[in-house]
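Below are the chains, spelled out letter by letter.
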Amino acid sequence: ERERSKREREREIDKKMAGTPSVQQLMQAESEAQSIVEGARQEKSRLLKEARSDAAAEVERFRMEKEAEYERQLSLEMESNQSSGEKLRQDTEHELFQIEGQSRRNQGNVVEMLLGTVVRVEYD
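Before going into details, it helps to say that this report is about the structure given with it. Note that the structure is a prediction, hence the values are computed from the model and not measured.

1. Regarding the overall build of the chain
Next, step 1: The helix and strand inventory of the chain stands at two helices and zero strands.
Next, step 2: In the chain, which comprises 124 residues, the share counted as buried stands at 2%.

2. Re the pattern of salt bridges
Next, step 1: Following the criterion strictly, the structure yields ten salt bridges and no others.
Next, step 2: A salt bridge links arginine 89 to glutamate 93, with the nearest nitrogen and oxygen atoms 2.4 Å apart. Linking arginine 89 with glutamate 93, this pair stays in helix H2 (residues 21-119), spanning four residues, or about one helical turn.
Next, step 3: In this structure arginine 89 comes out as partly exposed when scored by relative accessible area, which is 37%.
Next, step 4: For glutamate 93, a relative accessible area of 44% puts it in the partly exposed group.

3. Focus: the environment of glutamate 58
Next, step 1: Counting through the fold element by element, glutamate 58 comes out in helix H2.
Next, step 2: Of note is the side chain of glutamate 58, whose polar atom sits 2.5 Å from the side chain of arginine 61.

4. Brief notes about a nonpolar patch on the surface
Next, step 1: On the surface, Val111, Leu115, Val118 and Val119 cluster together to form a nonpolar patch covering roughly 390 Å² of accessible area.
Next, step 2: On the basis of relative accessible area, valine 118 is assigned to the exposed category, the value being 65%.

Here is what the cut-offs are and how they apply
- Residues numbered from 1 in each chain as written.
- Predicted model: local features only at pLDDT ≥ 70, side-chain atom pairs only at ≥ 80, totals over all residues.
- Heavy atoms only, no water.
- Helix = DSSP H or I, 4+ residues; strand = E, 2+ residues; numbered from the N terminus.
- Buried < 20%, exposed > 50% of the residue type's maximum accessible area, 1.4 Å probe, protein only.
- Salt bridge = Lys/Arg side-chain N within 4 Å of Asp/Glu carboxyl O.
- Polar contact = N/O pair within 3.5 Å; in protein donor to acceptor, adjacent residues only side chain to side chain.
- Patch = residues over 30% accessible without salt bridge, like charges linked within 9 Å, V, L, I, M, F, W, Y side chains within 5 Å.
- Areas by Shrake-Rupley, 256 points an atom, 1.4 Å probe, with all protein chains shown as cover.

No statement about biological role is implied by the geometric values presented.
This is the structure in structure tokens:
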């Protein structure tokens, strides 16, 4: 009850004083201040949305850049692996060719050694 009567008195005082020029100026100034604050809030909100949008675009650009870099690196590694594989194949073929040549050159010696061992009989 007391709270209600206090509010009613404040409203009556506001109505009576609203007619005086200084109170009108204060109310106008308050209204202008509220408009300025509301404009600042809206501008802040707009700037935050713009910053979020710019940040998302920057993240996407960075992601695409790193993805392209990864793809280039992967391609280079694949080419390197293919080159390494080809070199390994060539080296293996060369070694096999050398082994076959040595085998052909020593074939007669091996046959003689085997025949000499098989034919030689030792009696105790």
